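# Summary of structural features
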Amino acid sequence: RIFIIWVISSWFRRGPAPQEPNSPGGTPRAPSRNLFPKDTLMDLYVYISEHEHFTDFNVTSALFWQKRDLVYGDWTSGENADGCYEHYGEVDISQSVQQNGSIYIHVYFTKSGFHPDPRQKNLYRRLATVHTSRTAILVTPALPLQRAEDYGPVEVISHWHPNLTINMVDDHTPWVKGSVPPPLDQYVKFDAISGDYYPILYFNDYWNLQKDYFPINETLQRLPFRLSFCPLSLWRWQLYAAQSTKSPWNFLGEDLYEQSDEEQDSVKVALLETNPYLLALTIIVSIVHSVFEFLAFKNDIQFWNSRQSLEGLSVRSVFFGVFQSLVVLLYILDNETNFVVQVSVFIGLLIDLWKITKVMDVRLDRENKVAGVFPRLTFKDKSTYIESSTKVYDDMAFRYLSWILFPLLGCYAVYSLLYLEHKGWYSWVLSMLYGFLLTFGFITMTPQLFINYKLKSVAHLPWRMLTYKALNTFIDDLFAFVVKMPMMYRIGCLRE
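Criteria and cut-off values
- Residues numbered from 1 in each chain as written.
- Predicted model: local features only at pLDDT ≥ 70, side-chain atom pairs only at ≥ 80, totals over all residues.
- Heavy atoms only, no water.
- UniProt positions renumbered as here; feature names shortened; annotations may be inferred.
- Helix = DSSP H or I, 4+ residues; strand = E, 2+ residues; numbered from the N terminus.
- Buried < 20%, exposed > 50% of the residue type's maximum accessible area, 1.4 Å probe, protein only.
- Pairing = 2+ DSSP bridges.
- Axes fitted to C-alpha atoms, helices over the stretch in contact; angles between N-to-C directions.
- Contact = heavy atoms within 4.5 Å.
- Salt bridge = Lys/Arg side-chain N within 4 Å of Asp/Glu carboxyl O.
- Polar contact = N/O pair within 3.5 Å; in protein donor to acceptor, adjacent residues only side chain to side chain.
- Expected span 1.5 Å × (residues − 1).
- Parallel < 35°, antiparallel > 145°, perpendicular 65-115°, else oblique.
- Left-handed = near helix turned anticlockwise from the far one by under 90°.
- Nonpolar A, V, L, I, M, F, W, Y, C, P; charged D, E, K, R; others polar.

### Topic: the UniProt feature "transmembrane region" (unreviewed entry) in the chain
- What UniProt calls "transmembrane region" (unreviewed entry) maps, in this numbering, to residues 277-297, 317-333, 339-356, 400-419 and 425-446.
- A distance of 30 Å separates the end C-alpha atoms of residues 277-297, which is 100% helix and 0% strand.
- In this annotation, residues 317-333 is assigned 100% helix and 0% strand; the end-to-end C-alpha distance for the span is 24 Å.

### Comments concerning helix α4 (residues 234-243)
- Taking burial as the measure, the ten residues of α4 include seven buried ones, the bulk of the element.
- Within the sequence span of α4, burial applies to Leu234, Trp237, Gln238, Leu239, Tyr240, Ala241 and Ala242.

### Quick notes on the sheet that holds strand β5 (residues 129-135)
- With antiparallel pairing, the four strands of this open sheet are ordered in space as β2-β1-β4-β5. Each edge of the sheet is formed by a strand with only one pairing partner; in this case those strands are β2 (63-71) and β5. Pairs of neighbouring strands in the sheet enclose a mean axial angle of 15°, with direction left out of account.

### Brief notes about the sheet that holds strand β9 (residues 201-204)
- Reading across the sheet, the four strands line up as β3-β11-β8-β9 and stay open at both edges, with mixed pairing between neighbours. In this open sheet, the two edge strands, each paired with only one partner strand, are β3 (85-92) and β9. Averaged over all adjacent pairs, the angle separating strand axes in this sheet is 25°, with direction ignored.
- Pairing between β3 and strand β11 (residues 222-233): eight bridges, direction antiparallel. When the sheet's bridge partners are listed, Asp92 is paired in β11 with Arg222.
- Strand contacts of α4: β8 (163-170), β9 and β11, with the helix running at about 130° to β11, the strand carrying the most contacts.

### Quick notes on the environment of Phe214
- By the secondary structure assignment, Phe214 is in strand β10 (residues 214-215).
- Sequence separation between Phe214 and Pro162 is 52 residues; the distance between their C-alpha atoms is 9.0 Å.
- In this structure Phe214 touches Ser158, His159, Trp160, Pro162, Leu220, Leu223 and Pro224, once residues within four positions along its chain are discounted.

### Things to note about unusual backbone geometry
- For Asp39, which is not glycine, the phi dihedral falls at a positive 70°.
- Its location among the elements puts Asp39 in the loop between α1 (2-12) and β1 (41-49).
- Residue Asp39 is classed as exposed on the basis of its relative accessible area, which comes to 51%.
- One non-glycine residue, Asp69, adopts positive backbone phi at about 60°.
- With respect to the helices and strands, the residue Asp69 is situated in strand β2.

### Some points on the pattern of salt bridges
- This structure, assessed with the given rule, holds eleven salt bridges.
- The shortest N-O distance in the salt bridge between Lys38 and Asp170 comes to 2.9 Å. Of this pair, Lys38 sits in the loop between α1 and β1 while Asp170 sits in strand β8, and the two are 132 residues apart along the sequence.
- Asp170 gets classed as buried once you look at its relative accessible area, which sits at 17%.

### Comments concerning the side chain of Asp191
- Along the chain, Asp191 turns up in the loop between β8 and β9.
- Overall, the relative accessible area of 5% leaves Asp191 in the buried class.
- Engagement of the side chain of Asp191 in a polar contact is seen with the side chain of Tyr198, the distance being 3.3 Å.
- Not counting residues within four places of it along the chain, the set of residues in contact with Asp191 comprises Leu35, Arg126, Leu127, Asp196 and Tyr198.

### Overview of helix α8 (residues 315-334)
- The terminal C-alpha atoms of α8, which comprises 20 residues, lie 29 Å apart, in line with the 28 Å expected from a rise of 1.5 Å per residue.
- Within the span of α8, buried status applies to Val315, Val318, Gly321, Val322, Gln324, Ser325, Val327, Leu329, Ile332 and Asp334.

### Here's the deal with the environment of Tyr412
- As for its placement among the helices and strands, Tyr412 is situated in helix α11 (residues 390-419).
- Separated by 20 residues in the primary sequence, Tyr412 and Met432 place their C-alpha atoms 7.3 Å from one another.

### Section: the packing of α11 against helix α13 (residues 446-455)
- Closest axis-to-axis distance for the α11/α13 pair is 9 Å, and the angle between their directions is 135°. Accordingly, the angle class assigned to the pair α11 and α13 is oblique. As α11 packs across α13, the resulting crossing turns out to be right-handed. The residues of α13 that touch α11, namely those facing Thr390, Tyr393, Asp394, Met396, Ala397, Phe398 and Leu401, are Thr446, Pro447, Phe450, Ile451, Lys454 and Leu455.
- Residues that form the contact of α11 with α13 fall into these classes: nine nonpolar, two polar and two charged.

See the structure below:
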């Protein structure tokens, strides 16, 4: 997504359009310039206040950081020779902030020799001062996993992250007012009189993980704060701006498309902590995974559609597959899993339901209706299944299997109820069944193995589909090392 938005915005920057937006007088608007030329000497002022509109320049305690003689577009200064500077301090908070009040960060860059206070007439220049501000507190429910509309009112608590980066974009593009492509247009600010634009200031908290935020309450008197200043290239800024923008697919609904905070954090952790070569390999194999999954679906449909005889195939395993896919789908819907995963599982469930019509004769009994209104579905074994020895082996395998599965299911249900946390009885049933299937699901494959052993053959199996699924299992194992996921899912990778 960020790559596509970058390509689109780059296309808009190829040069002045043949028909540029017109000014109120009807003449084409001329390209503007950056009010801070390259290598301009600047002073940085950072104030922290509880007021959204800052005027307390004379209050010494409000000044958190002052840095003089910075060079606009300098990438070689600083402790690490990367143009970055860092300042650490502690912020005193009032009782209002302890009770979910706001804290604002006000950042001013002025050309050297000037001051950001408009009241100092001799030292203030409007075109020599660029300013931006934002709140430094994240307001979030105390229990983010619970929906307020489902569980009633939830307590809202302010959270604080000790790190923030101020980026000044090193950019001198001749932007035309009214032609800056979104989402960049909300950051490029033009001067109303001169028509030129101010340097772009960007508060960068993309790499701040949700798990690193901590709540603010009455026990805290001071907040640790590490503030960094770094130059930023236009290309990287476009990527960050694209990520902070709402998805263009909002018509699908945020619940379907937008990632949760946990999913976003897992991607960031993978980018931060994973070896670049392993990360590149993961991206490649994720594409291969999607291709193999499609081919597995395709060959599975082809196999069952062209199958004339059911000899050697476990019909009861097909029914159990439907039950298993249904449980998995309900579980991931209850736990707000990624939309792509939901679609994949839903397609798999539809294919499993379709298989029932291929392994059994399904008919509508209109004589014996349910509640006297709805026709009754009847299932009857196909003749090729009844007449073969497969049915005998299938019944025998599932009979022995039930002696193991049902006691295990009862024990796991009691364990899950006593030792695991659940949102409700419905969630307990789903998570219990899902955990049971992941942990002991490999046992359900034994009926087919038993039939293969008795027939001394595997020629009746859909080997193409099984091959693609086997390859995807190794890819899932690779993901287990890179992406944060539940331990139960990692155990489930071994089942195949």
